[in-house]
Amino acid sequence: MSSEPEIPIAGEIHNPDEQGSDKTQQSKKAAKKEAAKQEKLRRQQEAAAAKAAAAALAEASINDPLSANYGDIPLKELQSKDVSGRKWTEVKDLNDELRDKEVLVRGRAQAIRAVSKKMAFVVLRKRGFTVQCILNVSPDRVSPQMVKYATALSRESIVEVEGVIAVPDGPITGASQQVEIVVHKIYCINRAVPTLPVNIEDAARSEAEIERALQAGEKLVRVNQDTRLNNRVLDLRTPANQSIFRIQCQVGNIFRQFLLSEGFVEIHTPKLIAGSSEGGAAVFRLDYKGQPACLAQSPQLHKQMAICGDFERVFEIGPVFRAEDSYTHRHLCEFTGLDAEMEIKEHYSEVMDVVDRLFVAIFDNLIESCNKELETIGRQYPFEPLKYLRKTLRLTFREGIQMLKEAGFDVDPLGDLNTEAERKLGQLVLDKFGTEFYILHRYPLAVRPFYTMPCYDDPSYSNSFDVFIRGEEIISGAQRVHDPEFLKQRAESCGIDVNTISTYIDSFRYGAPPHGGFGVGLERVVMLFCALNNIRKTSLYPRDPLRIAP
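Keep in mind it's a predicted model, so treat the numbers as computed, not measured.

Rules used throughout
Residues numbered from 1 in each chain as written. Predicted model: local features only at pLDDT ≥ 70, side-chain atom pairs only at ≥ 80, totals over all residues. Heavy atoms only, no water. Buried < 20%, exposed > 50% of the residue type's maximum accessible area, 1.4 Å probe, protein only. Helix = DSSP H or I, 4+ residues; strand = E, 2+ residues; numbered from the N terminus. Arc of directions from axis to C-beta. Salt bridge = Lys/Arg side-chain N within 4 Å of Asp/Glu carboxyl O. 1 Å grid on protein atoms, 1.4 Å probe; cavity = no way out; pocket = protein on both sides within 12 Å on 5 of 7 lines; lining within 4 Å. Points joined across faces, edges and corners; volume = space filled by probe spheres on them. Nonpolar A, V, L, I, M, F, W, Y, C, P; charged D, E, K, R; others polar. Pairing = 2+ DSSP bridges. Axes fitted to C-alpha atoms, helices over the stretch in contact; angles between N-to-C directions. Parallel < 35°, antiparallel > 145°, perpendicular 65-115°, else oblique. Left-handed = near helix turned anticlockwise from the far one by under 90°. Contact = heavy atoms within 4.5 Å.

A. A look at helix H2 (residues 144-151). Among the residues making up H2, those that are buried are Met146, Val147, Tyr149 and Ala150. End-on view of H2: buried residues confined to an arc of 160 degrees, all on one side of the axis.

B. Quick look at the pattern of salt bridges. Scanning all chains against the criterion turns up 38 salt bridges. The partner of Arg313 in a salt bridge is Glu262, with the nearest N and O atoms 3.8 Å apart. In this pair, Arg313 sits in strand S11 (residues 313-321) while Glu262 sits in the loop between helix H7 (239-261) and strand S7 (265-266), placing the two residues 51 residues apart along the sequence. Across the salt bridge formed by Asp544 and Arg536, the nearest N and O atoms sit 2.8 Å from each other. For Arg536, a relative accessible area of 8% translates into the label buried. Through salt bridges with shared partners, a single ionic network connects Arg86, Arg106, Glu160 and Glu162.

C. Fine view of the layout of surface pockets. Computed from the structure, the second largest pocket encloses a volume of approximately 1,200 Å³. Along the walls of the second largest pocket sit 35 residues, with Gly128, Phe129, Pro239, Thr376 and Arg379 positioned nearest its centre. Of the residues contributing to the lining of the second largest pocket, the split by class is 10 nonpolar, 12 polar and 13 charged.

D. Examining the sheet that holds strand S8 (residues 272-274) more closely. The strand order across the open sheet built from three strands is S8-S10-S9, with neighbouring strands paired in antiparallel fashion. Strands with a single pairing partner mark the edges of an open sheet, and in this sheet they are S8 and strand S9 (285-288). When the angles between neighbouring strand axes are averaged without regard to direction, this sheet yields 45 degrees. Two strands pair when backbone bridges link them, and S9 and strand S10 (residues 291-295) are joined in this way by four bridges, in the antiparallel orientation. Paired with Asp287 across the strands is Pro292, a residue of S10.

E. Local environment of the packing of H7 against helix H9 (residues 349-369). At a minimum axis separation of 10 Å, H7 and H9 run at an interaxial angle of 135 degrees. Judged on the interaxial angle alone, H9 and H7 are oblique. For the pair H7 and H9, the sense of crossing is right-handed. For the pair formed by H7 and H9, the contact residues are Ile247, Gln250, Val251, Ile254, Phe255, Phe258 and Leu259 on the first element and Val354, Arg357, Leu358, Ala361, Ile362, Asn365, Leu366 and Ser369 on the second. The residue inventory of the contact of H7 with H9, partitioned by class, reads 11 nonpolar, three polar and one charged.

F. Spotlight on the pairing of strand S5 (residues 158-166). The pairing of strand S2 (residues 102-116) with S5 spans seven bridges and is classified as antiparallel. Each bridged residue has a counterpart across the sheet, and for Glu102 the counterpart in S5 is Val164. Where S5 and strand S6 (residues 180-190) come together, nine bridges link them in antiparallel fashion. Bridged to Ile165 within S6 is Ile181.

G. Layout of the sheet that holds S11. Taken in spatial order, the eight strands line up as S7-S11-S12-S17-S16-S15-S14-S13 in an open sheet, and their pairing is mixed. The strands lining the two open edges of the sheet, one partner per strand, are S7 and strand S13 (393-396). With six bridges connecting them, strand S15 (residues 464-469) and strand S16 (residues 472-479) associate as antiparallel partners. What sits directly across from Asp466, in S16, is Ser476. Most of the contacts of H9 go to strand S17 (residues 515-521), to which it runs at about 30 degrees, and overall it touches strand S12 (334-343), S13, strand S14 (437-441), S15, S16 and S17.

H. Broad picture of the environment of Arg232. You can see Arg232 is positioned in helix H6 (residues 232-235). Using a relative accessible area of 3% as the deciding quantity, one classes Arg232 as buried. Between the C-alpha atoms of Arg232 and Pro542, which are 310 residues apart in sequence, the distance is 9.7 Å. In this structure Arg232 touches Asn241, Phe245, Arg536, Lys537, Ser539, Leu540, Tyr541, Pro542 and Pro550, once residues within four positions along its chain are discounted.

Have a look at this one:
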């Protein structure tokens with residue numbers, strides 16, 4: 001999911017035939033009908049839950065002198081009414097050093113279990129950490145009605161408890177924190193509907209757990225991808241997903257901090273582009289106040305213009321849009337691009353040097369600082385740690401083609417590598433060099449964008465490169481054409497209307513240094529580092545040819 005267009009040549013847009021159109025309309029009507037049905041059911045459930053909660057609370061609090069110690073917090077009390085000065089303790093910070101100390105904790109009711117009329121357990125979850133709370137009837141503290149109230153709470157409701165930390169003699173298997181909260185007060189901040197469309201416990205299971213259960217004659221719920229994405233707010237609460245997006249956050253943070261330390265300046269380029277961007281059919285076209293426009297396929301043109309504006313080294317983290325009909329495990333119509341551009345002194349290897357150091361720094365940092373998150377992901381989606389070298393391996397395209405030919409692959413020496421060839425080459429590289437992260441450079445010019453600089457010694461090849469993780473491409477980069485007349489010639493040869501990119505070409509008429517850069521797909525980096533099988537797992541709210549909601 002690199003930020004640079006993979007194929008610059010314009011293609012045809014095929015309109016669906018009448019039969020396909022009819023099926024699409026029927027599908028839309030069915031989906032609309034189902035959505036309305038689900039919305040009606042949701043409202044009924046919420047009304048029933050509210051009624052049941054009110055009835056339970058009213059019944060429980062009758063003649064209960066301890067009724068002030070529990071209950072649903074009225075909405076008006078949550079409308080920023082007061083600043084009490086109370087201090088909350090994070091679930092992750094609960095440990096045996098707080099023994100016998102009073103704490104105030106807020107979290108989700110992950111599990112609720114009634115032991116008897118006088119005793120119950122509530123497990124609270126916050127940011128992936130869990131703590132067991134115990135309610136035990138006691139004079140002046142906990143009434144039987146309070147226990148009944150707690151057991152009537154719906155799972156995933158937002159709950160607040162006050163109590164004292166206790167340290168049990170044995171290990172606690174049902175929570176991450178090895179202490180308990182002896183509850184003195186419990187309040188519900190906001191109730192979840194009693195019947196969730198997806199149970200967090202089901203969504204958090206690994207395939208291995210499900211298969212073991214099947215072999216034992218048991219049947220566990222398998223939550224499929226569409227169900228997850230249709231209920232993404234619930235799906236995001238699983239420990240693995242919480243960890244995936246914290247790792248994604250860290251990748252973006254390291255990318256930014258590393259490039260800042262290398263003298264790069266962060267920029268923000270427009271996502272509304274005149275004409276047809278860099279060319280090709282994979283663009284989202286729109287009307288811009290009567291003018292043809294599109295959503296940017298990458299910040300490519302503007303980051304080069306920034307180099308012409310004397311910024312010397314720039315980078316950007318921002319959305320990228322591709323209107324391609326790619327129904328694969330690694331393509332999205334919108335993703336987050338990590339882009340960089342820099343002045344070149346002598347050779348495009350200077351750009352590859354930055355990529356080398358940058359990604360080794362990213363991998364090192366993730367292994368060092370995100371160990372718990374990686375372990376959490378591995379419990380649901382087992383994977384082997386990425387193998388990479390301290391100095392990243394570089395192979396020319398011709399060398400890669402030769403390795404494939406020797407392995408029995410018939411590959412066009414002036415064509416691009418398909419998915420099968422990329423994976424095979426990745427395996428060959430791993431077997432021979434012991435790395436799953438490498439750079440392949442000097443690609444055929446015909447398969448690169450119009451702004452790519454040809455090789456000085458063979459114009460059928462280019463000063464470009466791709467970078468691979470586990471046999472899949474994550475980065476495209478190259479030296480750019482900085483001569484305006486040559487750039488215009490290259491654009492025309494690729495079928496691009498130069499009038500739509502005239503301001504881009506003109507920026508090189510005022511003196512432009514040799515320069516190059518690269519684009520990285522954030523979601524694809526996380527997917528491949530964690531060896532996940534689908535990029536939708538690393539996109540918060542994925543946009544693909546079939547999905548534009550939620």
